[in-house]
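# What the coordinates show
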Amino acid sequence: MNENQPSEYGQISWSTHENKILVVHRLSVHPDSQGKGIARIFMNFIKTFAQKEKYLFIRLDAYSENIAALKLYERMGYQRLGQIFIPFKDSTFYCFNKIIQK
């Protein structure tokens, strides 16, 4: 996670263009450990970090066929704002945004 937004994010109509945005680039959990709440723990850590560091938003994207991740992000209050296609991965990803502070 850092402040570097992929160039493909320029295709999305984000709710804001503030500068204080934390970007989660990838989150993965080993298959043997999936379904145990580990991803939720990490996402809660990221939110706490973002609040402490005064970030205004968290942005991320998730593979369109990763149903578990999509459901997790939506349950955790992330808003799906659009999709991007990444040619070198030949895949569609959904982009999410979450307001942390106003």
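Up top you'll find the structure we're talking about.
Residues numbered from 1 in each chain as written. Predicted model: local features only at pLDDT ≥ 70, side-chain atom pairs only at ≥ 80, totals over all residues. Heavy atoms only, no water.

## Observations concerning the overall build of the protein
Convention followed: Elements are defined by DSSP. Helices are runs of H or I of four residues or more, strands are runs of E of two residues or more, and each kind is numbered from the N terminus. Each radius of gyration is computed over the set of C-alpha atoms, and the globule rule expresses the reference value as 2.2 Å times the number of residues to the power 0.38. Every residue pair with non-hydrogen atoms within 4.5 Å of one another is taken to be in contact. The method behind every accessible area is Shrake-Rupley, applied with a 1.4 Å probe, and residues are considered shielded solely by the protein chains displayed. For the charge count, each Lys or Arg is scored as positive and each Asp or Glu as negative, with His and the chain ends excluded. Just so you know, the charge point we use is NZ for Lys, CZ for Arg, CG for Asp and CD for Glu.
Counting its regular elements, the protein contains two helices and four strands. Taken from N to C terminus, the helices and strands of the protein fall in the order β-α-β-α-β-β. Relative to the compact-globule value of 13 Å for 102 residues, the protein shows a C-alpha radius of gyration of 13 Å, a close match. Considered along the principal axes of its C-alpha atoms, the protein spans approximately 40 × 35 × 20 Å. Across the protein, contacts joining residues at least 24 apart in sequence account for 62% of those joining residues at least 6 apart. Accessible surface, the protein: about 6400 Å² in total, of which carbon and sulfur atoms supply 49%. Between the mean site of the 14 positive side-chain charges and the mean site of the 9 negative ones, the protein shows a separation of 9 Å.

## Side note on the pairing of strand S1 (residues 21–24)
Applicable threshold: Partly exposed describes any residue whose relative accessible area lies between the buried limit of under 20% and the exposed limit of over 50%, with all areas from a 1.4 Å probe on protein chains only and scaled to the type maximum. If DSSP finds at least two bridges between two strands, the strands pair. By definition, the crossover connecting two strands over a helix is right-handed if that path, from the first strand to the second, turns clockwise as seen with the strands pointing away from the viewer.
What you see with S1 is no split at all: Ile-21 and Val-23 on one side and Leu-22 and Val-24 on the other are buried throughout. Where S1 lies against strand S2 (residues 57–63), four bridges are found, and the strand directions are parallel. Bridge pairing links Val-24 to Leu-60 in S2. The parallel pair S1 and S2, bridged by helix H1 (residues 38–52), forms a crossover whose chirality is right-handed.

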